[in-house]
Amino acid sequence: MRNISILIFAIIFSNSIFAQSWQRQEEINEPLSLFSSVEALNLPTAETLGKGDIYFHISHKFTTPISEGFNELFGFDGGVIMRLALGYGITDNLFTQIGRTNNEGNIDLQLKYKVSEFKLNELPFAIALNGGVAYYSKKINEPEDKSRLWQFYANLIANTFID
């Protein structure tokens, strides 16, 4: 019984004796990560890839409405607009992506730059700029003005996390 008491005493007090000696003195500066992907539900986030990282994206958008019911298996029996894309992290804050959809052969190239991030305790915040160009390579009713086959876009992305 005496040996068990000594063992319990040693276990309880050993943590408090040795715990103080190895505590880190400097603060760790980890990058802010509000999302774990560059997109969430087909919407861009302020996240970018790390330098040299590769990203492969597949998305599906079903064209038959859910309201068609069980006869169309709630949209799954209809057509689909599919997009394949490949992205690359040029730097930790700059990301590029090229993609293609089967919707009139739309090919797009985009760049995303994470402008800033704020690590406030109550409200972490990240801002990114996203822009790109797209081209319809198989437009069904091709316009006379060929410049109408090109699309240019830019947007400001702001993400936060409310706990």
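## As for the packing of aromatic side chains
The way to describe two aromatic rings as a pair is by their centre distance and the angle between their planes.
Part 1: In the structure shown here, the tally under the stated rule is three aromatic pairs.
Part 2: Seen from their ring centres, Y135 and W150 are 4.6 Å apart, and the 45 degrees between their planes marks the pair as tilted. Remark: W150 occurs in strand β8 (residues 150-160) and Y135 occurs in strand β7 (residues 125-136); sequence separation between them is 15 residues.
Part 3: Judged by relative accessible area, W150 falls into the partly exposed class, the value being 43%.

## Details of the sheet that holds strand β6 (residues 106-118)
Part 1: On the basis of which strands lie adjacent, the open sheet formed by six strands has the order β3-β4-β5-β6-β7-β8 and antiparallel pairing. Only two strands of the sheet have a single partner each, and these edge strands are β3 (54-62) and β8. Geometrically, the sheet is characterised by an average inter-axis angle of 20 degrees between neighbouring strands, direction not taken into account.
Part 2: The sheet contact formed by strand β5 (residues 94-101) and β6 spans seven bridges and is antiparallel. Residue G99 lies in a different strand from β6, and its bridge partner there is D108.

## Some words on a nonpolar patch on the surface
Part 1: Nonpolar side chains collect at one region of the surface, where I54, F56, I58, L84, L86, Y88, I90, I98, I107, L109 and L111 lie side by side and expose about 1,000 Å² of accessible area between them.
Part 2: Of all elements in the fold, only β3, β4 (80-89) and β6 reach the threshold of two or more residues within the nonpolar patch.
Part 3: Mapping I107 onto the fold places it in strand β6.

## Observations concerning the pairing of β7
Taken residue by residue, a regular strand's side chains alternate between the two faces of the sheet.
Part 1: Where β6 lies against β7, twelve bridges are found, and the strand directions are antiparallel. Residue pairing across strands places S116 opposite I127, the latter belonging to β7.
Part 2: Between the antiparallel neighbours β6 and β7 lie six residues.
Part 3: Where β7 meets β8, eleven bridges bridge the pair, whose relative direction is antiparallel. Opposite F125, over in β8, you have T160 as the bridge partner.

## Re the pattern of salt bridges
Part 1: Taken as a whole, this structure holds three salt bridges when the rule is applied.
Part 2: Across the salt bridge formed by K114 and E47, the nearest N and O atoms sit 3.7 Å from each other. One end of the pair, K114, is in strand β6; the other, E47, is in the loop between β2 (43-44) and β3, and 67 residues separate them in sequence. The residues K114 and E47 share a single accessibility class, namely buried.
Part 3: For E117, the salt bridge is made with K114, and the minimal N-O distance between the two is 3.4 Å.
Part 4: Three or more residues joined by partner-sharing salt bridges are found here, namely E47, K114 and E117.

## Brief notes about unusual backbone geometry
Part 1: Even without a glycine there, the phi angle at E104 is positive, about 60 degrees.
Part 2: For E104, the position within the fold is in the loop between β5 and β6.
Part 3: The buried category is assigned to E104, whose relative accessible area is 19%.

Conventions and cut-offs
Residues numbered from 1 in each chain as written. Predicted model: local features only at pLDDT ≥ 70, side-chain atom pairs only at ≥ 80, totals over all residues. Heavy atoms only, no water. Phe/Tyr/Trp six-rings, centres within 6.5 Å; stacked < 30°, edge-to-face > 60°. Helix = DSSP H or I, 4+ residues; strand = E, 2+ residues; numbered from the N terminus. Buried < 20%, exposed > 50% of the residue type's maximum accessible area, 1.4 Å probe, protein only. Pairing = 2+ DSSP bridges. Axes fitted to C-alpha atoms, helices over the stretch in contact; angles between N-to-C directions. Patch = residues over 30% accessible without salt bridge, like charges linked within 9 Å, V, L, I, M, F, W, Y side chains within 5 Å. Areas by Shrake-Rupley, 256 points an atom, 1.4 Å probe, with all protein chains shown as cover. Salt bridge = Lys/Arg side-chain N within 4 Å of Asp/Glu carboxyl O.

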